[in-house]
Amino acid sequence: MAKVVVVFHSGYGHTQRMAQSVAEGAGAELLAIDAEGNIPEAGWETLNAADAIIMGSPTYMGSVSWQFKKFADASSKPWFGQAWKDKVFAGFTNSATMNGDKHSTIHYLITLAMQHSGVWVGTGLMPANSKAAQRNDVNFVGSFAGAMAQSPSDAGAAEMLPGDLETARLFGQRVAAVAAQFKG
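Reference entry: report on the structure contained in this document.

What counts and how
- Residues numbered from 1 in each chain as written.
- Predicted model: local features only at pLDDT ≥ 70, side-chain atom pairs only at ≥ 80, totals over all residues.
- Heavy atoms only, no water.
- Helix = DSSP H or I, 4+ residues; strand = E, 2+ residues; numbered from the N terminus.
- Rg over C-alpha atoms; globule rule 2.2 N^0.38 Å.
- Buried < 20%, exposed > 50% of the residue type's maximum accessible area, 1.4 Å probe, protein only.
- Phe/Tyr/Trp six-rings, centres within 6.5 Å; stacked < 30°, edge-to-face > 60°.
- Pairing = 2+ DSSP bridges.
- Right-handed = clockwise from strand over helix to strand, strands pointing away.
- Salt bridge = Lys/Arg side-chain N within 4 Å of Asp/Glu carboxyl O.
- Expected span 1.5 Å × (residues − 1).
- Contact = heavy atoms within 4.5 Å.

Re the overall build of the protein
Next, step 1: When you go through the protein residue by residue, the secondary structure sums to six helices and six strands.
Next, step 2: When the helices and strands of the protein are listed from N to C terminus, the series reads β-α-β-α-β-α-α-β-α-β-β-α.
Next, step 3: Here the protein has a C-alpha radius of gyration of 15 Å; the compact-globule value for 184 residues is 16 Å, and the two agree.
Next, step 4: Here the protein holds 184 residues, and 51% of them are scored as buried.

Some words on the packing of aromatic side chains
Next, step 1: Applying the stated rule across the entire model yields five aromatic pairs.
Next, step 2: An aromatic cluster is present here, built from Trp 44, Phe 68, Phe 71, Trp 84 and Phe 89 joined pairwise through their rings.

Some words on the pairing of strand β1 (residues 4-8)
Next, step 1: Burial analysis of β1 places five of its five residues in the buried class, which makes it a mostly covered element.
Next, step 2: The alternating pattern of β1 places Val 4, Val 6 and Phe 8 on one face and Val 5 and Val 7 on the opposite face, and all of these are buried.
Next, step 3: Summarising the sheet, β1 and strand β3 (residues 52-58) pair through five bridges and their orientation is parallel. Within β3, the position partnered with Phe 8 by the bridge is Gly 56.
Next, step 4: Of the pairings in the sheet, the one linking β1 to strand β2 (residues 29-32) comprises four bridges and is parallel in character. The residue of β2 that forms the bridge with Val 7 is Leu 31.
Next, step 5: Once the chain exits β1 it traverses helix α1 (residues 14-26) before rejoining the sheet at β2, and the crossover so formed is right-handed.

Topic: the pattern of salt bridges
Next, step 1: Evaluation of the coordinates by the stated rule reveals five salt bridges.
Next, step 2: Note that Lys 3 and Glu 29 form a salt bridge whose closest N and O atoms lie 3.3 Å from each other. Here Lys 3, found in the segment before β1, pairs with Glu 29, found in strand β2; they are 26 residues apart in sequence, far enough to count as distant.
Next, step 3: Judged by relative accessible area, which is 31%, Lys 3 ranks as partly exposed.
Next, step 4: Here Glu 29 falls in the partly exposed class, since its relative accessible area comes to 36%.
Next, step 5: Here Asp 73 and Lys 69 are joined by a salt bridge, their closest N and O atoms 2.6 Å apart. One end of the pair is Asp 73 and the other is Lys 69, both in helix α3 (residues 66-74) and four residues apart, which spans about a single turn.

Points about helix α6 (residues 162-183)
Next, step 1: Between the first and last C-alpha of α6 there are 31 Å, a value that for 22 residues agrees with the 32 Å anticipated at 1.5 Å per step.
Next, step 2: For α6, the complete set of buried residues consists of Gly 163, Asp 164, Leu 165, Thr 167, Ala 168, Phe 171, Gly 172, Val 175, Ala 176, Val 178 and Ala 179.
Next, step 3: In the core, the buried residues of α6 are packed alongside β1, α1, β3, β4 (88-95) and β6 (147-150).
Next, step 4: Of the residues trailing α6, Gly 184 is marked for its positive phi of about 90°.

Right under this line is the structure:
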């Protein structure tokens, strides 16, 4: 079984709920980035020991939160020694609008993974894009590159749609399965 870590920042709780669903699917350990953009010192060793790192951030102003960016910049220490080379990586995000420029956030996460010489895993989920599709269907947002969710700006984290959370859970399950294949 692959060791999977979900490292994430959540501003209002929505991305944390996604992280919990991703972790449930992947059988992963959660590693929260705090409000100051830090992880516990032991978190770096947890990430170094992981077979797969799944990254999550809300989409703010078309990219990751500043707290996630601070974590990403601090990851230059493992980058320098290529400590995360050949690990499996994946990512997820949430924003208030259906588009919300979430794909820019996912592209940022892909670029960070590539900087670490990692191997990226997408959702592997077909989009819910027929006339019969409902907002609560799996992968209704229709992302292949990473899991995406949409939460209205006036909705609390407890109001996230089960379809978005199920998308996150299935995504975590896929990343863990791919990581297990890579582990051999």
